[in-house]
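Observations on the model geometry
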Amino acid sequence: QQPVQSPQAVILREGEDAVINCSSSKALYSVHWYRQKHGEAPVFLMILLKGGEQKGHEKISASFNEKKQQSSLYLTASQLSYSGTYFCGTGGGRGSNYKLTFGKGTLLTVNP
Amino acid sequence: EAGVAQSPRYKIIEKRQSVAFWCNPISGHATLYWYQQILGQGPKLLIQFQNNGVVDDSQLPKDRFSAERLKGVDSTLKIQPAKLEDSAVYLCASSPNTGARQETQYFGPGTRLLVL
């Protein structure tokens, strides 16, 4: 089941903040966040695990609500380089080989 | 450290033709993934290898798609015959160990396929 991301698109001015949400109808064991610029490979941002463990870039923050099966990515004081499409990948458990199912993405545009 | 390498970067073929993509993962990475990314969508897993064994190919259209990872290093993905709906970017990714939930997947630049 594909996770639902919201909003689908957001436009910011440099320095503004944004929140991107990822919601699943299935129990989550992990949430992986990636950013993809046009024509480039997705780049890892953060992993959030059931149980509270996180790993990722220092300047990126995110939350994981296991009960609600949701995750949010917080982008503060946005820079032009933050522009791109953000994908969440939700991971199943061992029985699904921890397979990631990605949402459709959120297009973030940061303008000067 | 070199990243995931893929070739070719672009390919244009006519429907019913065959095509093959190549991927070389990060050195030492045990797990290799092939994803299909249709325009405007997130990546969709086609097949996952751990070393040279298949872990998951449940979403691979096996009537036309095949993949192999001989010797547990590089991998090829083949489509034969191609259909119009196969037009997409094919991404290869790798992770260090078993592909467990805490492992980061590192993506290659992708192969952009257009089927006419």
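**Side note on the overall build of chain B**
Broken down by element type, chain B carries 0 helices and 11 strands. Along chain B, helices and strands appear, N-terminal first, in the series β-β-β-β-β-β-β-β-β-β-β. Expected size for 116 residues packed as a compact globule is a radius of gyration near 13 Å; at 13 Å, chain B falls within 12% of this value. Along the first, second and third principal axes, the C-alpha atoms of chain B reach 40 × 25 × 25 Å. The buried share among the 116 residues of chain B stands at 47%. The contacts in chain B between residues at least 6 apart in sequence include a share of 54% that link residues at least 24 apart. Total accessible area computed for chain B in this model is approximately 5600 Å², and 50% of it derives from carbon and sulfur atoms. Side-chain charges of chain B comprise 13 positive and 10 negative groups, with the mean position of each set lying 4 Å from the other.

**Some remarks on the interface of chain B and chain A**
Contacts between chain B and chain A engage 25 residues on the former and 23 residues on the latter. The junction of chain B with chain A conceals about 1900 Å² of combined surface from both sides, 52% of it contributed by carbon and sulfur atoms. Scanning the region where chain B abuts chain A turns up 1 salt bridge. A salt bridge links Lys-99 of chain A to Asp-56 of chain B; its shortest N-O distance comes to 3.5 Å. Linking chain B to chain A there are 6 residue pairs in polar contact (both at pLDDT 80 or more). Those elements giving two or more residues to the side of chain B that touches chain A turn out to be β4 (31-37), β5 (44-50) and β6 (53-56) of chain B. Residue classes in the side of chain B that touches chain A are distributed as 8 nonpolar, 12 polar and 5 charged.

**Observations concerning the sheet that holds strand β8 (residues 75-79) of chain B**
Residues and elements named next belong to chain B. Taken in spatial order, the 4 strands line up as β1-β3-β8-β7 in an open sheet, and their pairing is antiparallel. Of all strands in the sheet, those bounded by a partner on one side alone are β1 (5-7) and β7 (65-68). On average, adjacent strands in this sheet sit at an angle of 15° to one another, irrespective of strand direction. The sheet contact formed by strand β3 (residues 19-24) and β8 spans 5 bridges and is antiparallel. Across the sheet, Ala-20 pairs through a bridge with Lys-78, a residue of β8.

**Details of the packing of aromatic side chains**
Within the structure shown, the criterion is met by 9 aromatic pairs over all chains. Measuring from ring centre to ring centre gives 5.9 Å for Tyr-34 of chain A and Phe-102 of chain A, while their planes differ by 65°; the resulting arrangement is edge-to-face. Here Tyr-34 of chain A, found in strand β4 (residues 30-36), pairs with Phe-102 of chain A, found in strand β10 (residues 100-102); they are 68 residues apart in sequence, far enough to count as distant. An identical accessibility class is assigned to Tyr-34 of chain A and Phe-102 of chain A; each is buried. Residues Phe-65 of chain B and Tyr-90 of chain B carry aromatic rings whose centres are separated by 6.4 Å and whose planes lie at 40° to one another, so their mutual orientation is tilted. Taken as a pair, Phe-65 of chain B in strand β7 and Tyr-90 of chain B in strand β9 (residues 88-95) lie far apart in primary sequence, 25 residues in all. Accessibility expressed as a relative area gives 4% for Phe-65 of chain B, which makes it buried. Members of the aromatic cluster, joined through ring pairs, are Tyr-34, Phe-44 and Phe-102 of chain A together with Tyr-33, Tyr-35 and Phe-107 of chain B. One residue, Lys-50 of chain A, lies across the ring of Tyr-29 of chain A, its end atom 4.8 Å from the ring centre.

Parameters at a glance
- Residues numbered from 1 in each chain as written.
- Chains lettered and ligands numbered in written order.
- Predicted model: local features only at pLDDT ≥ 70, side-chain atom pairs only at ≥ 80, totals over all residues.
- Heavy atoms only, no water.
- Helix = DSSP H or I, 4+ residues; strand = E, 2+ residues; numbered from the N terminus.
- Rg over C-alpha atoms; globule rule 2.2 N^0.38 Å.
- Buried < 20%, exposed > 50% of the residue type's maximum accessible area, 1.4 Å probe, protein only.
- Contact = heavy atoms within 4.5 Å.
- Areas by Shrake-Rupley, 256 points an atom, 1.4 Å probe, with all protein chains shown as cover.
- Lys, Arg positive; Asp, Glu negative; His and termini not counted.
- Charge placed at Lys NZ, Arg CZ, Asp CG, Glu CD.
- Buried area = accessible area lost by both parts, 1.4 Å probe.
- Salt bridge = Lys/Arg side-chain N within 4 Å of Asp/Glu carboxyl O.
- Polar contact = N/O pair within 3.5 Å; in protein donor to acceptor, adjacent residues only side chain to side chain.
- Nonpolar A, V, L, I, M, F, W, Y, C, P; charged D, E, K, R; others polar.
- Pairing = 2+ DSSP bridges.
- Axes fitted to C-alpha atoms, helices over the stretch in contact; angles between N-to-C directions.
- Phe/Tyr/Trp six-rings, centres within 6.5 Å; stacked < 30°, edge-to-face > 60°.
- Lys NZ or Arg CZ within 6 Å of the ring centre and 35° of its normal.

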